[in-house]
Amino acid sequence: MSPNRSPPKKRSRVEERSDSAGIEDGDTSASRTSSTKTNCVDTATDDEIPVFSPAILNNAENLAAEYKNAKPYQHGIVNDLFVEGFLDQVLHEVKHNLKAKYKESDLFRVYQSIDLGNLDPSDESLQKAMPAMIALRKCLYSQKWRSNMEKISGIESGTLTDEVDCAVNCHDKGCHLLCHDDVIGTRKISYILYLTDPDPVWKDADGGRLELYESCTEKIEITEGTGTENRVVEKKVPGVFPVKTVLPSFNSMAYFAVEPGVSFHSVQEVFCNRPRLSIQGWYHAKEAPQEMEHASLNQLKSNLAEDLDIEGTFTSFEETSSEKLSEGDLKFLSIFINETYLKAESMKEINDRFEEESSVQLRHFFKQEWESKISELLQKDDEICNIGKDKPSLNYSVGVSDDLVPVGPPHKQR
């Protein structure tokens, strides 16, 4: 699902590009799937799930134990989930038949297909073009497999409904997903089925790892009434750095229960020129989870310390003469900043663009002299830490010092 052109530079807060990109058709996937046995595709029913590896179906007890003892929160990793050849066929169909739209917000950058729940399995043309994908969706949401997911996740039998909620995601170079807990509506189990092309094998240097965060307690003191009474509210927030990462290996699935203030995770930036393909989905319960006040989305919507709803009505600032840059300010800033950006007409244009599109890119912001000095110092520091271009690192503490202290929690400080 590799896009055929780079993401746009200017965007609104959440952008969905109207044009779609075809999913990249790799040279090797077609040759692998040409000899694949496909009899399992046409025989999948709610009572039989032949595409799943028998070793996985017979290993529920061990998977449940691993899930229960996993850290930083309960989660599971299943390798070789499907019988040999089946996901190769799915990957081939995804690359040749699905379209993806570019989406970007302050949380993510990704190319995403339509909701696979909207595919009509009775459509003859779809049956012909994507038989393996139809079989995969049917099996993932069959009663038998949902019961298996309940067993290996330690949740009560009959909890998961038959609601289909999943899509194909493509994280191309530079794409990422920042920290959040996935809590929306009735989501109960989150899963990621990795379709990253196995030839060549995905490596650490490629990036795109699933990152899991420890849940911590943050205490917020709130002043009430006339300002004489205070109370302390506790919120669950993620630690500054992830404590476990998972490589997106082909034919593996990561899964975890969706819990407010607990199931914090993210997707590391993709460093390579290969698409990180996956099917991201959820199993739903009949009701929303408890303690929704701890959900990352709800925390982002409100600031308890200021008792302020950040999604409320915008009130314009009143412009006063004291807010304008003085001649002294402009003279000082002109030492470092390109003088084009210090002109009144430029500042107005930047302001208008930012209000309209929620972001703006200022090229050559610093003067060449200072840009060179800053670049040189950053490159020297990267060399000392052995990071930089073509040197990705899983050492999240790189650069941390007495002068540069990490600030969190990462779902608020981005």
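This is a predicted model, so every value here is computed, not measured. (Residues numbered from 1 in each chain as written. Predicted model: local features only at pLDDT ≥ 70, side-chain atom pairs only at ≥ 80, totals over all residues. Heavy atoms only, no water.)

Colleague: For this particular structure, what's the right way to read the overall build of the protein?
Modeller: If you tally the helices and strands in the protein, you get 12 helices and 16 strands. A total of 414 residues make up the protein; the buried ones form 40% of that total. Excluding contacts between residues fewer than 6 apart, the proportion of contacts in the protein whose partners are at least 24 apart in sequence is 80%. (Helix = DSSP H or I, 4+ residues; strand = E, 2+ residues; numbered from the N terminus. Buried < 20%, exposed > 50% of the residue type's maximum accessible area, 1.4 Å probe, protein only. Contact = heavy atoms within 4.5 Å.)

Colleague: Sorry, what's going on with the pattern of salt bridges here?
Modeller: Side-chain pairs of opposite charge can arise whenever the charged atoms involved come near each other. Summed over all chains, the structure comprises 9 salt bridges. Between Glu 376 and Lys 380 there is a salt bridge; the shortest N-O distance is 3.5 Å. Placement of both Glu 376 and Lys 380 in helix H12 (residues 368-385) is noted, with a separation of 4 residues, approximately one turn of the helix. (Salt bridge = Lys/Arg side-chain N within 4 Å of Asp/Glu carboxyl O.)

Colleague: Honestly, the pairing of strand E6 (residues 176-180) in this entry has me stumped. Any pointers?
Modeller: Sheet faces and side chains relate simply in a regular strand, where the side chains alternate between the two faces. For strand E4 (residues 108-112) and E6, the ladder comprises 2 bridges, and the chain directions are antiparallel. Pairing of Phe 108 across the sheet is with Leu 177, part of E6. Pairing of E6 with strand E13 (residues 265-267), which is carried by 2 bridges, proceeds in the antiparallel orientation. For Leu 177, the partnering residue across the bridge sits in E13 and is Val 267. (Pairing = 2+ DSSP bridges.)

Colleague: How should a nonpolar patch on the surface be read in this particular structure?
Modeller: A cluster of nonpolar side chains, contributed by Phe 354, Val 360, Leu 362, Phe 365, Phe 366, Ile 374 and Leu 378, occupies part of the molecular surface with about 570 Å² of accessible area. Examined against the element boundaries, Phe 365 turns out to sit in the loop between helix H11 (344-357) and H12. Assessed through its relative accessible area of 31%, Phe 365 is described here as partly exposed. (Patch = residues over 30% accessible without salt bridge, like charges linked within 9 Å, V, L, I, M, F, W, Y side chains within 5 Å. Areas by Shrake-Rupley, 256 points an atom, 1.4 Å probe, with all protein chains shown as cover.)

Colleague: What's the story with the packing of aromatic side chains in this structure? I'm lost.
Modeller: For any pair of aromatic rings, geometry is given as the distance between the ring centres together with the angle between the planes. The final tally for this structure, using the stated rule, is 14 aromatic pairs. Summarising the aromatic geometry, the rings of Tyr 141 and Tyr 283 are spaced 5.0 Å apart at their centres and angled 45° between planes, so their arrangement reads as tilted. Linking Tyr 141 in the loop between helix H7 (131-140) and helix H8 (143-153) with Tyr 283 in strand E14 (residues 276-284), this pair joins segments that are 142 residues apart in sequence. Given a relative accessible area of 0%, Tyr 283 falls into the buried group. An aromatic cluster is defined as three or more aromatic residues linked by ring pairs; in this entry it consists of Phe 52, Phe 82, Phe 86 and Trp 145. Over the face of the ring belonging to Trp 370 we find Lys 373, whose NZ or CZ atom lies 4.4 Å from the ring centre. (Phe/Tyr/Trp six-rings, centres within 6.5 Å; stacked < 30°, edge-to-face > 60°. Lys NZ or Arg CZ within 6 Å of the ring centre and 35° of its normal.)

Colleague: Is there a simple way to think about H8 in this case?
Modeller: Structurally, the α-helix is built with 3.6 residues per turn, so residues lying three or four positions apart point the same way. Listing the buried residues of H8 in full gives Trp 145, Arg 146, Asn 148, Met 149, Glu 150, Ile 152 and Ser 153. One or two residues past the end of H8 sits Gly 154, with phi positive at roughly 70°.

Colleague: Sorry if this is basic, but what is going on with H11 here?
Modeller: Between its terminal C-alpha atoms H11 stretches 20 Å, which fits the 20 Å expected from 14 residues at 1.5 Å a residue. One or two positions beyond H11, positive phi appears at Ser 358, with a value near 70°. (Expected span 1.5 Å × (residues − 1).)

Colleague: Help me understand the environment of Lys 95, please; the structure alone is not making it clear to me.
Modeller: Relative to the helices and strands, Lys 95 resides in helix H5 (residues 86-97). For Lys 95, a relative accessible area of 6% corresponds to the buried category. Through-space distance from the C-alpha of Lys 95 to that of Leu 277 is 9.7 Å; in sequence the pair is 182 residues apart. Within the local environment of Lys 95, its side chain forms a polar contact with the side chain of Asp 197, the two groups lying 2.7 Å apart. (Polar contact = N/O pair within 3.5 Å; in protein donor to acceptor, adjacent residues only side chain to side chain.)

Colleague: What's the story with the nonpolar core in this structure? I'm lost.
Modeller: Soluble globular proteins: nonpolar side chains tend toward being buried together. Phe 82, Met 133, Leu 140, Tyr 255 and Ile 279 are the most contacted members of the largest nonpolar core, which totals 50 residues. Counting residues per element, this core draws most heavily on H7, which supplies 7 residues. Residues Leu 210, Ala 254, Phe 256 and Val 262 belong to the second largest nonpolar core, which totals 9 residues. (Core = buried A, V, L, I, M, F, W, Y, C linked by side-chain atoms within 4.5 Å.)

Colleague: It is not clear to me how unusual backbone geometry should be interpreted in this structure. Could you clarify?
Modeller: Leaving glycine aside, a negative phi is the common case for residues, and trans is the common case for peptide bonds. In this structure, Pro 72 follows Lys 71 across a cis peptide bond, with omega equal to 10°. Counting through the fold element by element, Pro 72 comes out in the loop between helix H4 (60-69) and strand E2 (75-79). In this structure, Pro 200 follows Asp 199 across a cis peptide bond, with omega equal to 5°. For Pro 200, the location among the structural elements is in the loop between strand E7 (187-194) and strand E8 (210-212).

Colleague: In this structure, what is going on with the pairing of E14? I would like to understand it.
Modeller: Here E14 lies mainly inside the structure; 9 of its 9 residues are buried. Burial along E14 is two-sided: Arg 276, Ser 278, Gln 280, Trp 282 and His 284 facing one way and Leu 277, Ile 279, Gly 281 and Tyr 283 facing the other are all buried. For strand E5 (residues 165-171) and E14, the ladder comprises 7 bridges, and the chain directions are antiparallel. The residue bridging Ala 167 from the neighbouring strand is Gln 280, located in E14. Summarising the sheet, E7 and E14 pair through 7 bridges and their orientation is antiparallel. From the neighbouring strand, Ile 192 faces E14, where its bridge partner is Gln 280.

Colleague: Would you mind showing me how to read the confidence of the model for the protein here?
Modeller: Should the pLDDT be low somewhere, the predicted coordinates at that spot are not to be read in detail. When the pLDDT values of the protein are averaged, the result is 82; 81% of them are 70 or greater. In the predicted structure, residues 304-311 sits below a pLDDT of 50 and forms 13 contacts with residues beyond four places in sequence or in another chain. (pLDDT = per-residue confidence, 0-100.)

Colleague: Teacher, can you tell me more about the side chain of Glu 211 here?
Modeller: Its place among the elements puts Glu 211 in strand E8. A polar contact is formed between the side chain of Glu 211 and the side chain of Ser 266, at a distance of 2.6 Å. Among the polar contacts listed, one links the side chain of Glu 211 to the side chain of Tyr 396, at a separation of 2.3 Å. For Glu 211, the residues in contact, after removing those within four places along its chain, are Pro 242, Lys 244, Thr 245, Phe 264, His 265, Ser 266, Val 267, Gln 268 and Tyr 396.

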